[in-house]
Amino acid sequence: MTQKRCNVAVLASGTGSNFQAIVEACRRDDYPARVVCLVTDNPDAEALDIARRFEVAAHVVHAAPKKAGLPEPAETKIVSLCADHSVDLVALAGFMRILSGPLLSGFEGRIMNIHPSLLPSFKGLHAAKQALDYGAKVTGCTVHFVDRTVDGGAIILQACVEVADGDDEESLLQKIHEQEYRTYVRAIELYALDRLRIQGRRVMIAG
Ligand code: GRF
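A few points on the structure. (Residues numbered from 1 in each chain as written. Predicted model: local features only at pLDDT ≥ 70, side-chain atom pairs only at ≥ 80, totals over all residues. Heavy atoms only, no water.)

### Quick look at the packing of helix H5 (residues 127-134) against helix H6 (residues 169-192)
Logical step 1: The contact between H5 and H6 brings their axes to 9 Å, and the two run at 120 degrees. Judged on the interaxial angle alone, H6 and H5 are oblique. Remark: the crossing between H5 and H6 carries right-handed chirality. Along the contact surface, H5 presents Ala-128, Lys-129 and Leu-132, while H6 presents Glu-169, Leu-172, Leu-173 and Ile-176.
Logical step 2: The class makeup of the residues in the contact of H5 with H6 is 5 nonpolar, no polar and 2 charged. (Axes fitted to C-alpha atoms, helices over the stretch in contact; angles between N-to-C directions. Helix = DSSP H or I, 4+ residues; strand = E, 2+ residues; numbered from the N terminus. Parallel < 35°, antiparallel > 145°, perpendicular 65-115°, else oblique. Left-handed = near helix turned anticlockwise from the far one by under 90°. Contact = heavy atoms within 4.5 Å. Nonpolar A, V, L, I, M, F, W, Y, C, P; charged D, E, K, R; others polar.)

### Concerning the environment of His-59
Logical step 1: One can find His-59 in strand E3 (residues 58-60).
Logical step 2: With residues near it in sequence (within four places) discarded, His-59 still touches Cys-37, Leu-38, Val-39, Thr-40, Leu-81 and His-85.
Logical step 3: A polar contact of 2.9 Å, which involves the side chain of His-59, links it to the side chain of His-85. (Polar contact = N/O pair within 3.5 Å; in protein donor to acceptor, adjacent residues only side chain to side chain.)

### Structural notes on the side chain of Asn-7
Logical step 1: On the secondary structure map, Asn-7 appears in strand E1 (residues 6-11).
Logical step 2: A distance of 2.7 Å separates polar atoms of two side chains, one belonging to Asn-7 and the other to Arg-34.
Logical step 3: Among the polar contacts made by the side chain of Asn-7, one reaches the main-chain carbonyl oxygen of Ser-86 at a distance of 3.0 Å.
Logical step 4: Each residue touching Asn-7, except ones within four places of it in the same chain, is listed here: Arg-34, Val-36, His-85, Ser-86, Val-87, Asp-88 and Leu-89.

### Some remarks on unusual backbone geometry
Logical step 1: Here the bond from Leu-119 into Pro-120 is cis, since omega is 10 degrees, no more than 30 degrees from zero.
Logical step 2: Along the chain, the position of Pro-120 falls in the loop between strand E5 (111-115) and H5.
Logical step 3: Here the phi dihedral of Ser-86 falls at roughly 50 degrees; this positive angle occurs in a residue that is not glycine.
Logical step 4: Of note, Ser-86 is situated in the loop between helix H3 (72-84) and strand E4 (89-92).
Logical step 5: Even without glycine at this site, Asp-194 takes up a positive phi of about 60 degrees.

### Section: the site of the ligand
Logical step 1: The environment of the ligand is made up of Thr-15, Gly-16, Ser-17, Asn-18, Gly-94, Ile-114, His-115, Pro-116, His-177 and Glu-180.
Logical step 2: Within the contact set of the ligand, an oxygen atom lies 3.4 Å away from a backbone nitrogen or oxygen of Pro-116.
Logical step 3: A distance of 2.4 Å separates an oxygen atom of the ligand from a polar atom in the side chain of Glu-180.
Logical step 4: In isolation the ligand has 370 Å² of accessible area, and contact with the protein removes 85% of it.
Logical step 5: Secondary structure elements with two or more residues in the shell around the ligand: helix H1 (17-26), E5 and H6.
Logical step 6: Of the residues in the shell around the ligand, the class split is 2 nonpolar, 7 polar and 1 charged. (Near = heavy atom within 4 Å. Areas by Shrake-Rupley, 256 points an atom, 1.4 Å probe, with all protein chains shown as cover.)

### Points about the pairing of strand E8 (residues 196-199)
Logical step 1: Direction of pairing for E8 relative to strand E9 (residues 202-205): antiparallel, over a ladder of 4 bridges. Counted as the bridge partner of Ile-198 is Val-203 from E9.
Logical step 2: Two successive antiparallel strands, E8 and E9, enclose a turn made up of 2 residues, where Gly-200 displays a positive phi of approximately 65 degrees. (Pairing = 2+ DSSP bridges.)

### Considerations on the nonpolar core
Inside soluble globular proteins, nonpolar side chains tend to come together where they are buried.
Logical step 1: One finds Val-10, Phe-19, Met-112, Ile-156, Tyr-184 and Ile-188 to be the most contacted residues of the largest nonpolar core, which totals 45 residues.
Logical step 2: For this core, the element with the highest residue contribution is H6, accounting for 8 residues.
Logical step 3: The residues touching Tyr-184, leaving out its near neighbours within four places in the chain, are Asn-18, Ile-22, Ala-91, Leu-92, Ala-93, Met-112, Asn-113, Ile-114 and Val-143.
Logical step 4: Ranked by size, the runner-up nonpolar core spans 22 residues in total, among them Cys-37, Val-61, Ala-74 and Leu-92. (Core = buried A, V, L, I, M, F, W, Y, C linked by side-chain atoms within 4.5 Å. Buried < 20%, exposed > 50% of the residue type's maximum accessible area, 1.4 Å probe, protein only.)

### Brief notes about the pairing of E1
Logical step 1: Burial within E1 is extensive, with 6 of its 6 residues counted as buried.
Logical step 2: Side chains of E1 alternate between two faces, with Cys-6, Val-8 and Val-10 and Asn-7, Ala-9 and Leu-11 buried alike.
Logical step 3: For the handedness criterion, the β-α-β arrangement of E1, H1 and strand E2 (residues 33-40) is classed as right-handed.
Logical step 4: In terms of strand pairing, E1 meets E4 through 4 bridges, oriented parallel. (Right-handed = clockwise from strand over helix to strand, strands pointing away.)

Below is the structure:
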């Protein structure tokens, strides 16, 4: 591949299986992006082990645990880490903090998130359980741009998952995860190829 690759920072707080899927895709010669760093707010995140295994630079940003918001100094720190790594795109992958400050303004239109439901249904935490409790027959995952709302930014891609009668939260989440990996990798690829066109709430795929 001759064109410049899109530099991606992944922000994750936990297991990091989406982070791993993105890193694995980025190892392909024909994939137009590469992961330049992992940032986490959780020193015990399993994602850190994945970063070590795949030799991705990793940074822990210190912030009070179990709080939804990220203090402004922590967001400022992430912006400066992203500058150090010449980051083009920030991909949130199970990052359990709501952004509201410098990172959002510094990377407007350049932050993506993955959510385990078909938005706008089942925003917030425990989306698979919410879908089960509601009795939904279909749920899925959504990759969207991040704005100042929670799980409310313009939708890039979605994928469906059927809810089977025998599903519990764990089995449903497993099916959603499989779709998440594929969908997130594709959304980042489309961004890196400059094929996403935002028109109001709609994101069109060019070409
Ligand atoms: C995913 O289900 C994602 O949709 C949600 O958090 C979960 C992260 O899982 N935002 P993992 O850490 O990537 O395994």
